[in-house]
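Next come the chains, spelled out residue by residue.
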Amino acid sequence: MPELPEVTTITNQLKREIIGSTIGDVRSVGGYKTQPEFPEFKKRSLGLKVSSVRRIAKNIVIEVVSAKGVSTNMYIVIHLAMTGRLLLRSLGYKPDPWTRLVFKLEAGSGKPVTGVELRFCDSRMFGFVRLASQEELEQYANKYGPDALDEKLTPKVFLEQLKKKRTEVKRALLSQDLIAGAGNIYVNDSLWMARIHPMTRTTDLKSNDAVNLLGALQEILQESIEHRGSTLGDKMYIDVYGEEGTHQNHFRVFGKNGQPCIRCGTLIETFDLGGRGTFFCSTCQVKNAVTVKQNPPSNVKQVGLF
DNA sequence: ATGTTTGTTCCGAT
DNA sequence: CATCGGAACAAACA
């Protein structure tokens, strides 16, 4: 579930809560596998102090140093994939479903924490928790394209990246090696906002499309971060405090099959692209359109988005 | 029982 | 050999 806004929300909350804390204990539940193998993982991470937390693509990267602050060249890399959660719970808080790994955190030099647990939960177990050296982390980070929210990402570079794959624009946007961070929800809504059909070939995209699409993507991602991400009906995504996001109340087309387009009233359609649910407005989003502004039918009430 | 799922990787086909 | 696209990964839920 978590895409860039959800991972950013969790990363920001962890920055606020766990920097300066030390790892007092680590517990693997039901033989959950880490990398390296759990006994080694535990041995290497015990007693270390959290010095920074950051996001790389959809990964959460926790830098750990020795208790005295000496660099260990070690990072805890967490990917939530589809159903992963990170929950910060007070000691003794009721068990969370699908708990796989628990870090017991103790007060470090920076934080008057009396004792909390950071719980990694993952129903489908597509996510992972691993230790990486600086070199391993750099190599791992290298496979990603520029981050969708990178300030240095220009429409020109954005378009060059997308055109590296000769396929539909929706597929290209989902390829993390081209542009990192976007997932199915935000790609659907960004294409709608930019009035681009999901099936448009990347090779048919014009520079004007790139300006619109990058603008839409960044606007929607930022907006979702402000809403602390999207929690769908299955409630799989919640933040470290267990709170749901609210951006699901601001979806443009995602999950809105059969509902009227908020811009023109046409019923939203859905189909499968890249094995993912794809939602679009057949009036607003025309393949290879020469950016023609659509006037909504007069009987449709305008929604004040634009 | 069947179909669905927000991410990523792998393997077969082209 | 490189690229692309579908299947697979595993589990819960409707």
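That block above? That's the structure.
Values in this document were obtained by computation on a predicted structure and should not be read as measured data.

(A) Spotlight on the packing of helix α4 (residues 155-162) against helix α7 (residues 207-226). Across the interface, α4 lies against α7 with an axial gap of 9 Å and an inter-helix angle of 100°. With respect to α7, the element α4 is oriented roughly perpendicular. Side by side, α4 and α7 meet where Pro155, Phe158, Leu159 and Leu162 of the first sit next to Ser207, Ala210, Val211, Leu213, Leu214 and Leu217 of the second. For the contact of α4 with α7, the per-class residue count stands at 9 nonpolar, 1 polar and no charged.

(B) Focus on the pattern of salt bridges. Taken as a whole and judged by the stated rule, the model has 12 salt bridges. Asp96 serves as the salt-bridge partner of Arg119, at 2.7 Å between the closest nitrogen and oxygen. Here Arg119 is found in strand β7 (residues 116-122), whereas its partner Asp96 is found in the loop between β5 (84-90) and β6 (99-106), with 23 residues between them in sequence. Comparing Arg119 with Asp96 shows no difference in burial state: the two are buried. Among the salt bridges present, the one from Glu117 reaches Arg119, with a minimum N-O distance of 2.9 Å. Grouping residues by exposure puts Glu117 and Arg119 together as buried.

(C) Just the state of the cysteines, in detail. Here the structure, examined in full by the defined rule, presents 0 disulfides. There is no disulfide at Cys281, and the cysteine sulfur nearest it, in Cys264, is 3.6 Å away. Its relative accessible area of 0% is what places Cys281 among the buried residues.

(D) Structural context of the nonpolar core. Phe158, Leu162, Val169, Leu173 and Leu213 are the most contacted members of the largest nonpolar core, which totals 39 residues. Among the secondary structure elements, those contributing two or more residues to this core are α4, α5 (169-174), α6 (184-193) and α7. Counting residues per element, this core draws most heavily on α7, at 8 residues. Those residues in contact with Leu173 that sit more than four places away from it in its chain are Phe158, Leu162, Ile179, Ala182, Val187, Leu191, Leu213 and Leu217. Counting 31 residues, the second-largest nonpolar core is a separate cluster that includes Ile18, Phe38, Ile60 and Leu80.

(E) Region of the structure containing the environment of Cys264. For Cys264, the location among the structural elements is in the loop between α7 and β9 (269-273). Look at Cys264 and you get buried, because its relative accessible area is 3%. Along the backbone, Cys264 and Glu226 are 38 residues apart, and their C-alpha atoms lie at a distance of 26 Å.

(F) Up close: empty space enclosed by the protein. If you walk through the whole model with that rule in mind, you get 3 cavities of 30 Å³ or more. Of the voids in this model, the largest cavity is the one considered here, and its volume is about 60 Å³. Contributing to the lining of the largest cavity are Ile18, Ile23, Val50, Ile62, Ile76, Ile78, Phe103, Leu105 and Leu118. Looking at the lining of the largest cavity, the elements that each hand over two or more residues are β4 (71-79) and β6. Counted by class, the lining of the largest cavity contains 9 nonpolar, no polar and no charged residues.

Criteria and thresholds
Residues numbered from 1 in each chain as written. Chains lettered and ligands numbered in written order. Predicted model: local features only at pLDDT ≥ 70, side-chain atom pairs only at ≥ 80, totals over all residues. Heavy atoms only, no water. Axes fitted to C-alpha atoms, helices over the stretch in contact; angles between N-to-C directions. Helix = DSSP H or I, 4+ residues; strand = E, 2+ residues; numbered from the N terminus. Parallel < 35°, antiparallel > 145°, perpendicular 65-115°, else oblique. Contact = heavy atoms within 4.5 Å. Nonpolar A, V, L, I, M, F, W, Y, C, P; charged D, E, K, R; others polar. Salt bridge = Lys/Arg side-chain N within 4 Å of Asp/Glu carboxyl O. Buried < 20%, exposed > 50% of the residue type's maximum accessible area, 1.4 Å probe, protein only. Disulfide = S-S within 2.5 Å. Core = buried A, V, L, I, M, F, W, Y, C linked by side-chain atoms within 4.5 Å. 1 Å grid on protein atoms, 1.4 Å probe; cavity = no way out; pocket = protein on both sides within 12 Å on 5 of 7 lines; lining within 4 Å. Points joined across faces, edges and corners; volume = space filled by probe spheres on them.

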